[in-house]
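An overview of the molecular structure
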Amino acid sequence: MLTKAQQLLKEYYGFDEFRPGQQEVIEQLLQQQNALAIMPTGGGKSLCYQIPGLTMNGTAVIVSPLISLMKDQVDALASLGIPATYINSSLSNEEQQHRLHMLREGRYKFLYVAPERFEQPAFIETLKNISISLLAFDEAHCISQWGHDFRPSYRSIVPTLKKIPSIPVIVALTATATDEVIQDIQRLLHIQDQQVTNTGFARENLSFHLLKGRDKQAFILEYVEQRKQESGIIYATTRKQVDQLYNYLRSRGFAVAKYHAGLSEQDRKQAQNAFIQEEKSIMVATNAFGMGIDKSNVRYVIHYAMPMNIESYYQEAGRAGRDGEPSDCLLLFSGQDIQLQKFLIEQSLMDEEKKVNEYKKLQAMINYCHTHSCLQTFILHYFNDFSTSEDCGRCTNCTSDLERKDMTTEAQMVLSCVKRMGERFGAGMTAKVLKGSKDKKVNSFQLNKLTTYGIMSKHTEKEITNFIHFLVAEDILSAGDQRFPTLKLTKKAAAVLKGQKQVWMQVGNIELSESTDYDT
Ligand code: ADP
């Protein structure tokens, strides 16, 4: 016997089976229990609130920060014969009034609105007086100030909810959330642990690649040259980088568009449409581009530089391959990327607590750029997703044919040096001591008297620094944060020092031989 939800799935959408997690969330909502759904991009989050919305009485209200996507969602529902609408600032006042009127008459099964709408008393009055089936928070991570895309207007809905007792049940949906964010969402929206459905974040069709020490432009040229028929996004950190890269590719005859917040709204719209409609195959953009872009056949996402944290990276990279086809996510890393991100945090208007948190997240991103473990696994573990035990077999590290060497002895040298230095210094200073540098600072702290002074003298200082970064990435050392970098031993370090844990490293890796121009 098919359940009602399965019947609707077949009848409206033509699908035979639920994707992982969908049924749980739907059943919870049907039992009037709040729910939080954490599913990867393309995992089918919309159905989780649409099916309950179809069966329950009244109008489902969906809050979404993505004004650009509302129309698409509404059109998609309308094409299935489901009455739906959106109300946002893109409509004339008259049209907004008309839709509010229709809403009061109970004509819609689904209503999409931006968070700001809840700041309008007239809208709240309307909600109080209509029958509501459920309230959905799409992109729910925006509600948490620990999220990488915090929207204060989103959070300020929470106290307003008390004024609308007619909301029977709430569902929050997101594809990107750290533990902190998940807890924040649960607390704000009263969602119990057993009402959280987390299908994990893994995207089987994505291959993650990390490239270091390359001529970035030359690499991109070669890469896109071979993929002229495919769509791809290239993310750069600053508008200037976008402009440069755009000119570079355009002058070489590529069909390229650009997008950043310094362009007029009209230019941005045009660029976006040209990309979506495949007139331009390459989009060069800052992170201003992407939220709400529903283009499923993006075959690659290249990050021209390291982004500020893993949440942003995974979300941006995750715009590749929403159709489930194999796609590439490439990150071109260089040492300057770290300096740029530090600068951006420093000169931002964030309060102190938030800055400290951003530095912590930046460190995790830097670790991603230095790990020799599976890149996908690294990301999943960052999100506390331990549901897949196997490495992806597709990323740079999984497919590397570099030799792996036992570096346990070298690791022990570094760790005992860090310990003797009182866990008070960063990687640069530690490397100097291990190298046996005559640097004045080393002498002034009397670090040249340590027994570990000069014990790695056959390596260059740069090699030692890189090795320390690797140990940080593998969680054998912790680096403090980028502002106050002080190396400390972790639990794993104790095991390495006691000889209970070996340290293996890919050697011949470009980071050991090529210049990495940073020092922490
Ligand atoms: P998300 O919001 O999680 O990124 P969507 O809700 O946009 O994902 O769904 C992604 C795609 O998957 C859509 O094209 C949707 O129609 C399809 N989809 C969702 N659920 C199912 C299902 N149970 N079976 C087959 N396709 C599905």
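The rules behind each value
Residues numbered from 1 in each chain as written. Predicted model: local features only at pLDDT ≥ 70, side-chain atom pairs only at ≥ 80, totals over all residues. UniProt positions renumbered as here; feature names shortened; annotations may be inferred. Helix = DSSP H or I, 4+ residues; strand = E, 2+ residues; numbered from the N terminus. Contact = placed C-beta atoms within 7 Å. Core = buried A, V, L, I, M, F, W, Y, C linked by C-beta atoms within 7 Å. Buried ≥ 20, exposed ≤ 12 C-beta atoms within 10 Å, placed from the backbone. Pairing = 2+ DSSP bridges. Axes fitted to C-alpha atoms, helices over the stretch in contact; angles between N-to-C directions. pLDDT = per-residue confidence, 0-100. Near = placed C-beta within 6 Å. Nonpolar A, V, L, I, M, F, W, Y, C, P; charged D, E, K, R; others polar. Parallel < 35°, antiparallel > 145°, perpendicular 65-115°, else oblique.

- Per an unreviewed UniProt entry, the protein is named DNA helicase RecQ, and its organism is Aquibacillus albus.
- According to UniProt, the comment filed for the protein under the heading Sequence similarities (unreviewed entry) is "Belongs to the helicase family. RecQ subfamily."

**Here's the deal with the overall build of the protein**
- Broken down by element type, the protein carries 23 helices and 17 strands.
- Referenced to the eigenvectors of the C-alpha coordinate spread, the extents of the protein come out at roughly 80 × 55 × 50 Å.
- Summarising the internal contacts of the protein: among those between residues at least 6 apart in sequence, 74% fall at separations of at least 24.

**Some details on the nonpolar core**
- With 59 residues, the main nonpolar core has I234, M283, V284, V301 and M365 as its most contacted residues.
- Ignoring any residue separated from it by four or fewer positions in sequence, one finds M365 in contact with M306, P307, M308, N309, I310 and Y313.
- Membership of the second largest hydrophobic core comes to 56 residues, among which are L9, F110, Y112 and L173.

**Some details on the pairing of strand β5 (residues 132-137)**
- Burial runs high along β5: 5 of the 6 residues are buried.
- Bridge count between strand β2 (residues 59-63) and β5: 5 bridges; the pairing is parallel. In the strand pairing of β5, A60 is matched with L134.
- Where β5 lies against strand β6 (residues 170-174), 3 bridges are found, and the strand directions are parallel. Residue pairing for β6: A136 is matched across the bridge by V171.

**Examining the sheet that holds strand β12 (residues 298-303)**
- Reading across from one edge, β8-β13-β12-β9-β11-β10 is the order of the 6 strands in this open sheet, with parallel pairing throughout. A single partner strand is all that each edge strand has here, and the edge strands are β8 (206-212) and β10 (256-259). On average, each strand axis in the sheet is tilted by 15° relative to the strand beside it, whichever way the strands run.

**Focus: the confidence of the model for the protein**
- Of all residues in the protein, 97% have pLDDT values of 70 or greater, and the mean over the chain is 91.
- Looking at the elements of the protein, mean pLDDT is at its lowest for helix α23 (residues 510-513), recorded as 38, and at its highest for strand β11 (residues 282-285), recorded as 98.
- Listed scores for the predicted complex are pTM 0.75 and ipTM 0.98.

**Points about the sheet that holds β5**
- The sheet built from 7 strands is open, its strands ordered β3-β4-β2-β5-β6-β1-β7 with parallel pairing. The two strands at the open ends of the sheet, each matched to only one other strand, are β3 (84-87) and β7 (196-198). Averaged over all adjacent pairs, the angle separating strand axes in this sheet is 20°, with direction ignored.
- Looking at chain direction, β2 and strand β4 (residues 110-113) are connected through 4 bridges and run parallel. When the bridges of β4 are listed, V61 appears paired with L111.

**Some words on the site of the ligand**
- Around the ligand sit 13 residues, and of these F15, G43, G44, K45 and S46 come closest.
- Element by element, the count of residues in the shell around the ligand is highest for helix α3 (residues 45-55), at 3 residues.
- A class-by-class count of the residues in the shell around the ligand yields 4 nonpolar, 6 polar and 3 charged.

**Quick word on unusual backbone geometry**
- With a phi close to 50°, E423 is a non-glycine residue in the positive phi region.
- Turning to its location among the elements, E423 is positioned in the loop between α18 (408-420) and α19 (427-435).
- The backbone of Q446 shows a phi angle near 60°, a positive value even though the residue is not glycine.
- Structurally, Q446 can be placed in the loop between α20 (440-444) and α21 (461-473).
- Overall, Q446 belongs to the exposed group, with 9 C-beta atoms counted inside 10 Å.

**Regarding the environment of Q194**
- Following the sequence through the fold, Q194 ends up in the loop between α9 (179-189) and β7.
- Among the residues examined, Q194 registers 9 C-beta atoms within 10 Å and is labelled exposed.
- Along the chain, Q194 and A35 lie 159 residues apart, while their C-alpha atoms are 8.8 Å from each other.

**Thoughts on helix α13 (residues 310-317)**
- Within α13, 7 of the 8 residues are buried, which leaves it mostly tucked inside the rest of the structure.
- Taken together, the buried residues of α13 touch β9 (231-235), β12, β13 (327-333), α15 (352-368) and α16 (375-382).

**Notes on the packing of helix α1 (residues 4-13) against α3**
- As a packed pair, α1 and α3 sit with axes 10 Å apart at the nearest point and diverge in direction by 100°. Considered as vectors, α1 and α3 are oriented roughly perpendicular to each other. Contacts between α1 and α3 involve K4, A5, L8, L9, Y12 and Y13 from the first element and L47, I51, L54 and T55 from the second.
- Its residues assigned to classes, the contact of α1 with α3 shows 8 nonpolar, 1 polar and 1 charged.

**Brief notes about the environment of R155**
- Turning to its location among the elements, R155 is positioned in helix α7 (residues 152-155).
- C-alpha of R155 to C-alpha of G318: the two residues are 163 residues apart in sequence and 25 Å apart in space.

**With respect to α19**
- When you tally the buried positions in α19, you get 8 out of 9 residues, the bulk of the element.
- Turning to α19, its buried residues number three or more, namely A427, M429, T430, A431, K432, V433, L434 and K435.
- After α19 finishes, the residue G436 shows a positive phi value of roughly 85°.

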